[in-house]
Amino acid sequence: MSKIVELFAFPVTQTQLDWHNIVERQFCPYTQKRCFKVRKSEPDVSIGTCVVEYGKQSENIIICPHRLLQHNQIFFDCIHLLTLHQPGNELHVVPEVGIPGGNVDYFLVSTDNNRKIIDFVGIELQTMDTTGTVWPEREMVLYDKGLISNKPSIDKSFGMNWKMTAKTILVQLHHKIQTFQSINKHLVLVVQKPLLDYIKREFSFSHISSEARLGDSMQFHSYSYVEVKDSYKIKLEHRYSTDSAGISTLLGLNANANIDLAEIVSILESKISDSTILSL
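Only a predicted model underlies this, so the values are computations on that prediction, with no experimental measurement involved. (Residues numbered from 1 in each chain as written. Predicted model: local features only at pLDDT ≥ 70, side-chain atom pairs only at ≥ 80, totals over all residues. Heavy atoms only, no water.)

Asks: Describe the nonpolar core, listing the residues and the values that go with them.
Replies: Counting residues in hydrophobic clusters, the biggest one holds 55 residues, and the most contacted among them are Leu 7, Phe 107, Phe 120, Leu 173, Phe 220 and Leu 268. If one sorts the elements of this core by residue count, helix H4 (residues 162-182) sits on top with seven residues. If we skip the residues at most four places from it in the chain, Phe 107 touches His 92, Val 93, Val 94, Val 97, Phe 120, Val 121, Gly 122, Phe 180, Ile 264 and Leu 268. Cys 50, Leu 69, Val 188 and Tyr 225 belong to the second-largest nonpolar core, a separate cluster that totals 25 residues. (Core = buried A, V, L, I, M, F, W, Y, C linked by side-chain atoms within 4.5 Å. Buried < 20%, exposed > 50% of the residue type's maximum accessible area, 1.4 Å probe, protein only. Helix = DSSP H or I, 4+ residues; strand = E, 2+ residues; numbered from the N terminus. Contact = heavy atoms within 4.5 Å.)

Here it is, written out as structure tokens:
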């Protein structure tokens, strides 16, 4: 039995689907593009693994950040942080915007009818990085569904790189939060609950507000991965908040990045189009 829970965004337990077509298309419904996770030895082959079972975790583990895009829920859960947004304004989701400290995965942007920026929120996604390879588990799914004839040998196990995943995202937040705080805007980290639970255990988290405060520039949104009938969805479980000093406390570092508000507005306005409009 494979440890893969979802392949190309579909639960592997669903037998009524055309799995041959799903695997052949290699399509991700969340990005509306081909799955970006490809084999190094076969770049034309997308792996397609979204969620896996792992160890004694109370819930299955999301290993692809795009899986968090289901129903655009994470963006709607950030609308309250657009404090200047007004009814009638357009809402846009702009991916991969570069600022000092690196790229921000998404910006949720409020514009007027002329598409001039009224307000924005930066949103970072982080899911678990794996060690080893999930490929044999993925091939076991194909074997179980009769898509390949040779039963794969699962002699290599995959693991979860908890420490590196947590440390990497916290360092990235440290580089970016000073910028958002200096222009009085919010940055949101969207994670699955098991990863945030690990950060809470292994890092100094006691100073982080357990009741998210609108005045804090850094927001944490923790989601659970829950089963609904014969499918799954993500569910917002808890919100936390802090400021740039709070992120520095987590790592014992200082932050110096800065950028003018007008520069970010200019970058975002150049990316706004009909294709970025947020929709259900």
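So that's the structure; there's more coming.
Asks: Would you mind going over the sheet that holds strand S14 (residues 231-242) in detail, with residue names and values included?
Replies: Ordered by their spatial adjacency, six strands build an open sheet running S7-S8-S9-S12-S13-S14, and the pairing between neighbours is mixed. Of all strands in the sheet, those with a lone pairing partner are strand S7 (90-99) and S14, marking the two edges. Adjacent strand axes in the sheet meet at a mean angle of 30 degrees, parallel and antiparallel pairs treated alike. By the bridge criterion, nine bridges tie S7 to strand S8 (residues 102-111) in an arrangement that is antiparallel. Across the sheet, Leu 91 pairs through a bridge with Ser 110, a residue of S8. Most of the contacts of helix H5 (residues 193-202) go to strand S12 (residues 186-192), to which it runs at about 105 degrees, and overall it touches strand S9 (117-126), S12, strand S13 (218-228) and S14. (Pairing = 2+ DSSP bridges. Axes fitted to C-alpha atoms, helices over the stretch in contact; angles between N-to-C directions.)

Asks: Lay out the state of the cysteines with the relevant residues and their values.
Replies: Cysteine pairs can be covalently joined through their sulfur atoms, and such a bond is termed a disulfide. Within the structure shown, the criterion is met by zero disulfides. Sulfur of Cys 35: no disulfide; nearest cysteine sulfur belongs to Cys 64 and is 6.1 Å away. Judged by its relative accessible area of 6%, Cys 64 is buried. (Disulfide = S-S within 2.5 Å.)

Asks: Any chance you could break down the sheet that holds strand S2 (residues 10-11) for me, citing the residues and the numbers?
Replies: Through backbone hydrogen bonds, the strands of a sheet pair up, either in parallel or in antiparallel fashion. Taken together, four strands build an open sheet; the order of strands is S2-S1-S5-S6 and the sheet is antiparallel. Edge strands, defined here as strands with exactly one partner in the open sheet, are S2 and strand S6 (61-62). One ladder, built from three bridges, connects strand S1 (residues 4-7) with strand S5 (residues 49-52); its direction is antiparallel. Residue pairing across strands places Glu 6 opposite Val 51, the latter belonging to S5. Relative to S1, helix H3 (residues 135-144) is tilted by about 75 degrees, and along the sheet it contacts S1 and S5.

Asks: Quick one: what's the story with H4, residue by residue and with numbers?
Replies: Here H4 contains 21 residues, and its C-alpha end-to-end distance of 31 Å stays within 8% of the 30 Å for a straight helix at 1.5 Å per residue. Residues of H4 that are buried: Trp 162, Thr 165, Ala 166, Ile 169, Leu 170, Leu 173, His 174, Lys 176, Ile 177, Thr 179 and Phe 180. (Expected span 1.5 Å × (residues − 1).)

Asks: Describe the pairing of S8, naming the residues involved and giving the relevant values.
Replies: The buried count for S8 comes to seven of 10 residues, which makes it a mostly enclosed element. Between the end of S7 and the start of S8, which pair antiparallel, lie two residues, with Gly 101 showing a positive phi angle near 105 degrees. With six bridges joining them, S8 and S9 adopt antiparallel strand pairing. Each residue of the ladder has a partner; that of Ser 110, found in S9, is Asp 119. Taking the residues between adjacent antiparallel strands as the criterion, S8 and S9 are bridged by five residues, where Arg 115 takes a positive phi near 60 degrees.

Asks: Pulling in residues and values, what's your account of the environment of Tyr 106?
Replies: On the secondary structure map, Tyr 106 appears in strand S8. Residues Tyr 106 and Pro 152, spaced 46 residues apart in sequence, show a C-alpha to C-alpha distance of 38 Å. Not counting chain neighbours up to four residues away, the residues in contact with Tyr 106 comprise His 66, Leu 69, Phe 75, Val 93, Val 94, Pro 95, Glu 96, Val 121, Gly 122, Ile 123 and Leu 125.

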